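Read off the chains here:
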Amino acid sequence: MTTEQEAIDAIHHAFGNSAHAEVNTFPAGNVSITLTKGEHAATIDGHPESGWGWTVDPADDEGFSGHANTATTLEEAIADVRAALI
């Protein structure tokens, strides 16, 4: 299970103080992260056992259609988001 603090620590490790994150954890172990950096926003949703989906700057009409990008670990998802924002 990924805790809120573990997620924040992983984001801080990848972005330093250049990004702001809001992390929500749920009883089943799911985690939902909203990350903002400058004028960009990203969402990362997932669970340590089933993987992570992520999206950077979703279009208004995408709503809750899911994530086109996936990663096996939270750290990989954060690294992918960081690379997309550079």
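Our subject is the structure that appears above.
Below is a short write-up of the structure. (Residues numbered from 1 in each chain as written. Predicted model: local features only at pLDDT ≥ 70, side-chain atom pairs only at ≥ 80, totals over all residues. Heavy atoms only, no water.)

1. Here we look at the sheet that holds strand β1 (residues 20-25)
The five strands lie next to each other as β1-β2-β3-β4-β5, forming an open sheet whose pairing is antiparallel. In this open sheet, the two edge strands, each paired with only one partner strand, are β1 and β5 (69-71). Taking each pair of neighbouring strands and ignoring which way they run, the sheet shows an average axis angle of 20°. Sheet analysis places strand β2 (residues 31-37) next to strand β3 (residues 40-47), joined by seven bridges and oriented antiparallel. Counted as the bridge partner of Val31 is Gly46 from β3. Strand contacts of helix α2 (residues 74-85): β2, β3, β4 (51-56) and β5, with the helix running at about 15° to β4, the strand carrying the most contacts. (Pairing = 2+ DSSP bridges. Helix = DSSP H or I, 4+ residues; strand = E, 2+ residues; numbered from the N terminus. Axes fitted to C-alpha atoms, helices over the stretch in contact; angles between N-to-C directions. Contact = heavy atoms within 4.5 Å.)

2. Observations concerning the side chain of Thr55
Position of Thr55 among the secondary structure elements: in strand β4. A polar contact of 2.6 Å, which involves the side chain of Thr55, links it to the side chain of His67. (Polar contact = N/O pair within 3.5 Å; in protein donor to acceptor, adjacent residues only side chain to side chain.)

By themselves, these observations are geometric and do not establish any function.
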